[in-house]
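# Summary of structural features
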Amino acid sequence: QRRSSRRRKCLDQAGNPRVSVIMAALNAESTIDAALESLLSQSYSNLEIIVVDDGSDDATRDIVREKTADDERVFLLEGGPQEGAAIARNRGLKHSTGRYLTFQDSDDISHPERIERQLATLLTTRAHVVVCNARRETPEGQRVVLNGYRFTRNFVSMLFPRDPVFERIGYMRPLVVGEDAEYYQRLLTVFSDRSERHLFQTLYRARFRSDSLLYSHGSTVVGAQGEVVYEQAPEHREALQRALHDLDDIRSGHRRAYIPFTAETAGIEGKKRSSGIGAAEPQESP
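What comes next concerns the included structure.

## Considerations on the overall build of the protein
- When helices and strands are tallied, the protein shows nine helices and eleven strands.
- When burial is assessed residue by residue, the protein has 52% of its 286 residues classed as buried.
- Put simply, 75% of the contacts in the protein that link residues at least 6 apart link residues at least 24 apart.
- As displayed, the protein offers around 13,600 Å² of accessible surface, 46% of which is attributable to carbon and sulfur atoms.

## A short note on helix α3 (residues 60–70)
- Those residues of α3 lying buried are Thr-60, Ile-63, Val-64 and Lys-67. In a view along the axis of α3, the buried residues occupy a sector of 95 degrees, so they form one face of it. The exposed residues of α3 that point more than 90 degrees off its buried face are Glu-66 and Ala-69.

## Describing the side chain of Glu-48
- Of note, Glu-48 is situated in strand β2 (residues 47–53).
- Accessibility expressed as a relative area gives 3% for Glu-48, which makes it buried.
- Among the polar contacts listed, one links the side chain of Glu-48 to the side chain of Thr-97, at a separation of 2.8 Å.
- Residues within four places of Glu-48 in sequence aside, it is in contact with Arg-18, Val-19, Ser-20, Val-21, Arg-73, Phe-75, Ser-96, Thr-97 and Gly-98.

## Some details on the packing of aromatic side chains
- This model, assessed by the stated rule, comprises five aromatic pairs.
- Taking 5.8 Å as the distance between ring centres and 45 degrees as the angle between the ring planes, the aromatic pair formed by Phe-160 and Tyr-183 counts as tilted. Remark: Tyr-183 occurs in helix α7 (residues 179–191) and Phe-160 occurs in strand β8 (residues 152–161); sequence separation between them is 23 residues.
- When its relative accessible area of 0% is taken as the criterion, Phe-160 is described as buried.
- In this structure Tyr-183 comes out as buried when scored by relative accessible area, which is 0%.
- By way of ring pairs, the aromatic residues Phe-103, Phe-160 and Tyr-183 are connected into one cluster.
- Above the plane of the ring of Phe-261 lies Lys-94, whose end atom (NZ or CZ) is 5.2 Å from the centre.

## Some points on the packing of helix α1 (residues 2–13) against helix α5 (residues 114–124)
- Between α1 and α5, whose axes approach to 9 Å, the crossing angle comes to 65 degrees. Remark: the crossing between α1 and α5 carries left-handed chirality. Contacts between α1 and α5 involve Ser-4, Arg-7, Arg-8, Cys-10 and Leu-11 from the first element and Glu-116, Arg-117, Leu-119, Ala-120, Leu-123 and Thr-124 from the second.

## Some remarks on the pairing of strand β1 (residues 19–25)
- Taking burial as the measure, the seven residues of β1 include seven buried ones, the bulk of the element.
- With seven bridges connecting them, β1 and β2 associate as parallel partners. Bridge assignment links Val-19 to a residue of β2, and that residue is Leu-47.
- At this point the chain moves from β1, through helix α2 (residues 32–40), to the parallel β2, and the crossover so formed is right-handed.
- In terms of strand pairing, β1 meets strand β4 (residues 100–103) through four bridges, oriented parallel.

Parameters and conventions
Residues numbered from 1 in each chain as written. Predicted model: local features only at pLDDT ≥ 70, side-chain atom pairs only at ≥ 80, totals over all residues. Heavy atoms only, no water. Helix = DSSP H or I, 4+ residues; strand = E, 2+ residues; numbered from the N terminus. Buried < 20%, exposed > 50% of the residue type's maximum accessible area, 1.4 Å probe, protein only. Contact = heavy atoms within 4.5 Å. Areas by Shrake-Rupley, 256 points an atom, 1.4 Å probe, with all protein chains shown as cover. Arc of directions from axis to C-beta. Polar contact = N/O pair within 3.5 Å; in protein donor to acceptor, adjacent residues only side chain to side chain. Phe/Tyr/Trp six-rings, centres within 6.5 Å; stacked < 30°, edge-to-face > 60°. Lys NZ or Arg CZ within 6 Å of the ring centre and 35° of its normal. Axes fitted to C-alpha atoms, helices over the stretch in contact; angles between N-to-C directions. Left-handed = near helix turned anticlockwise from the far one by under 90°. Pairing = 2+ DSSP bridges. Right-handed = clockwise from strand over helix to strand, strands pointing away.

Taken by themselves, the reported measurements are silent on function.
Following this line, the structure appears as C-alpha cells:
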C-alpha cells in the first residue's frame, strides 16, 4: 500500500499524462474481450486504447465496436488486407495522441497495475523505456516453459515517451516476426542500455497458441508437460538479423535511426488512411 501510494503521488504530480496502448488484432474474437477488459480495469485510468484490426473475418470488429460504445477510451481502426502486426501497430502509432506509448497483443492480459507501475518507474528514473516480465500460458491457464524459460522479458510491454523516443526512432520495420524486438533494440541503440528499466515483476500474461502469428512462422514442438521448443523459420530469422545488423550503422552514424510512416511501413493503403484522429507526423531527427 505504501508503494502504491508513492506511485500514485508521483503520477498525480506529473499530471496523470495520457498513455496510448496500441493493440493489433487479427481474428481475435475469442480473446480480445478479455484483453481489452484487462486494460479498461487498470489502476491507471488515463488511457487511449487503439485497436487496429488487420482484416479480421470473424467477430473481432463487432466486439471492439461494443467496447467503443461503452468506453470512450477505446478506438477502432479498421484495416486490411492482412498485412501483419508491425504495419497494424504503425497505424496505431500514427493515430495515437498520448504522451506515453505502449503495446499489448489482442490475446494477452495485463496485470491490473501494469501501466501504473511502469509509468511511475519511467517518471522517477532517467529511463527512456520500461519493460516487465511475462509468463506464457495456454488458453486454459497452464504455464508454458518456452525454450527453457518460465518467464521472459516482454518487448511488447515496452512503455516509452513520445518525446523524445518516438520522435527520434519513429515506426516499426515491417518484419513478419520480431518487429517489436528490433524496435526495442533500436531504441536502446539510440539512448543506450542505461536508459532501460526492467521490472522483474510478472505484469503481463502472454497467451500461447501454436497457430498464432509468431509460432506458425517456424518450428514449434509442444511437450506433454507444457514445455515448448520454438525456432524461427530461417527466412524470418535472417530478416530480423539483417535488421539488427543495421543497428551497427546507426551506432557509427551511417544510418538514421528514424523510420518514417511510408507506404512500406504503413501498408498498401496506409497513406489513404493516414488522416483522421491522432497526432501530427513527427519530424525526423538528425
